[in-house]
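Residue-level structure breakdown
Each chain, written out:
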Amino acid sequence: MEDADYARSIVTVQEDAVRQVIEVFDGMSGQIAQLLAELRSIATGTEAEDRERNDTLETVESISAIIEETASGAMQVHEMAQHLQGSWIRLRMC
């Protein structure tokens, strides 16, 4: 009888140990799921920041191109004004 009682107590202890291990793994599983959700959130935020940075870069490049065109146009106007002034001075001398 003692052997049977001893065997039952061992089985009970082992069952408790298995239940505890299952609870620990369930907890770990929940923590891992939460971690994965947070990592997805971070990845989504990083992707949005990359898109915004690219949009900003494209805008700056567009503004730079407009400034270059404006500077070129201003130079042409300046050259034309100098040419007209020279023509006007020559006409006055005649």
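To be clear, the structure that these remarks concern was listed above.
Reading guide: rules and limits
Residues numbered from 1 in each chain as written. Predicted model: local features only at pLDDT ≥ 70, side-chain atom pairs only at ≥ 80, totals over all residues. Heavy atoms only, no water. Helix = DSSP H or I, 4+ residues; strand = E, 2+ residues; numbered from the N terminus. Rg over C-alpha atoms; globule rule 2.2 N^0.38 Å. Buried < 20%, exposed > 50% of the residue type's maximum accessible area, 1.4 Å probe, protein only. Areas by Shrake-Rupley, 256 points an atom, 1.4 Å probe, with all protein chains shown as cover. Lys, Arg positive; Asp, Glu negative; His and termini not counted. Charge placed at Lys NZ, Arg CZ, Asp CG, Glu CD. Patch = residues over 30% accessible without salt bridge, like charges linked within 9 Å, V, L, I, M, F, W, Y side chains within 5 Å. Salt bridge = Lys/Arg side-chain N within 4 Å of Asp/Glu carboxyl O.

Secondary structure summary: the chain contains 1 helix and 0 strands in total. Taking 12 Å as the expected radius of gyration for a compact globule of 94 residues, we find that the chain reaches 40 Å, considerably beyond that expectation. For the chain, the C-alpha atoms occupy an extent of roughly 140 × 10 × 5 Å along the three principal directions. Residues classed as buried in the chain amount to 0% of the 94 residues present. Summed over its atoms, the accessible surface of the chain is roughly 8,600 Å², and 61% of this surface lies on carbon and sulfur atoms. One way to put it: in the chain the 7 positive side-chain charges average out to a point 14 Å from where the 18 negative ones average out.

Taken together, Glu49, Glu52, Asp55, Glu58 and Glu61 make up a surface patch of like negative charges. With respect to the element layout, Glu49 can be found in helix H1 (residues 2–93). Classification of Glu49 by relative accessible area gives exposed; the value is 51%.

Together, Val21, Val24, Phe25, Met28, Ile32, Leu35, Leu36, Leu39 and Ile42 make up a nonpolar patch on the protein surface, roughly 830 Å² of accessible area in all. Within the secondary structure layout, Phe25 lies in helix H1.

Turning to the environment of Arg92, a few remarks are in order. By the secondary structure assignment, Arg92 is in helix H1. Spatially, the C-alpha atom of Arg92 lies 88 Å from that of Ala33, the residues being 59 residues apart in sequence.

Glancing now at the pattern of salt bridges. When their charged atoms lie close together, side chains carrying opposite charge are able to pair. Per the stated rule, a full pass over the model turns up 3 salt bridges. A salt bridge links Asp5 to Arg8, with the nearest nitrogen and oxygen atoms 3.3 Å apart. Of this pair, Asp5 and Arg8 are both found in helix H1, 3 residues apart, which corresponds to roughly one turn of the helix.

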